[in-house]
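# Remarks on the overall topology
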Amino acid sequence: MDPEISKIYGHRIRIRVCGLCWDGDKLLMVNHKRLNSSNFWAPPGGGLDFGETIEMGLKREFLEETGLEITPLKFAFGCEFLKNPLHSIELFFNVKQTGGAIAIGYDPEIQVIQDVKFKSEQEIHDIPAQELHGIFQLTTYQKKFKELSGFYSI
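Residues numbered from 1 in each chain as written. Predicted model: local features only at pLDDT ≥ 70, side-chain atom pairs only at ≥ 80, totals over all residues. Heavy atoms only, no water.

## Details of the environment of Tyr-106
- For Tyr-106, the location among the structural elements is in the loop between strand 6 (86-100) and strand 7 (112-119).
- Tyr-106 sits in the partly exposed class, given a relative accessible area of 48%.
- Along the chain, Tyr-106 and Leu-63 lie 43 residues apart, while their C-alpha atoms are 9.2 Å from each other.
- Beyond its immediate stretch of four places on either side in the chain, Tyr-106 contacts Glu-64, Glu-65 and Ile-113. (Helix = DSSP H or I, 4+ residues; strand = E, 2+ residues; numbered from the N terminus. Buried < 20%, exposed > 50% of the residue type's maximum accessible area, 1.4 Å probe, protein only. Contact = heavy atoms within 4.5 Å.)

Here you go:
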């Protein structure tokens, strides 16, 4: 684990909000360059700030990372990531694009955004597992990502 990541996020619970923005069967994904590897693909999202509503956090994260304006729709699923020293609770919501244009945004924390694009299920499954958000380990070609509901440990 990179010491900077541990210093910033370690030894506390972090609440994250993430949005699932679909264009037909393609899911909007963001490619982050992390300090300890070259790629990490995940749906747009990030840490919820104290006093910020979930809706506000989702809108802020989408605008920062993708250039898109969105409206949150319904809750899709949640997951918990626990790998010492990191512990996060992630809440995934379906969202609808309402404005803006896709652009490579920025991450005000310690990551650099390299790419933003809609990806098909096949394109997502072709990404090496270590470069993909852990929630995708719960899907197979038979179980679609859109069908996930409930709460998972990853």
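There is more to say after this.
## Here's the deal with the layout of surface pockets
- Reported here for the second largest pocket is a volume of approximately 220 Å³.
- As for the second largest pocket, its lining consists of 16 residues, and the residues nearest its centre are Arg-14, Gly-47, Leu-48, Asp-49 and Glu-109.
- Mapped onto the lining of the second largest pocket, the elements with two or more residues apiece are strand 1 (12-23), strand 4 (45-47) and helix 2 (54-66).
- Looking at the lining of the second largest pocket residue by residue, the class counts come to four nonpolar, three polar and nine charged. (1 Å grid on protein atoms, 1.4 Å probe; cavity = no way out; pocket = protein on both sides within 12 Å on 5 of 7 lines; lining within 4 Å. Points joined across faces, edges and corners; volume = space filled by probe spheres on them. Nonpolar A, V, L, I, M, F, W, Y, C, P; charged D, E, K, R; others polar.)

## Description of the nonpolar core
- Formed by 17 residues in total, the largest nonpolar core has its most connected members in Phe-77, Ile-135, Phe-136 and Phe-145.
- Taken together, the elements giving at least two residues each to this core come down to strand 1, strand 2 (26-33) and strand 5 (68-83).
- Here this core takes three residues from strand 5, the largest share from any one element.
- Not counting residues within four places of it along the chain, the set of residues in contact with Phe-145 comprises Leu-20, Trp-22, Leu-27, Phe-77, Ile-135, Phe-136 and Thr-139.
- Among the nonpolar cores identified, the runner-up in size contains 15 residues, and Leu-68, Ile-70, Val-116 and Phe-118 belong to it. (Core = buried A, V, L, I, M, F, W, Y, C linked by side-chain atoms within 4.5 Å.)

## A look at the pattern of salt bridges
- A full pass over the atoms with the stated rule returns eight salt bridges.
- Here Lys-146 ties to Asp-25 by a salt bridge, and the two come within 3.6 Å at their closest N and O atoms. With a gap of 121 residues between them, Lys-146 in the loop between helix 3 (121-125) and strand 8 (150-153) and Asp-25 in the loop between strand 1 and strand 2 connect regions that are remote in the sequence.
- For Lys-146, a relative accessible area of 46% gives the class partly exposed. (Salt bridge = Lys/Arg side-chain N within 4 Å of Asp/Glu carboxyl O.)

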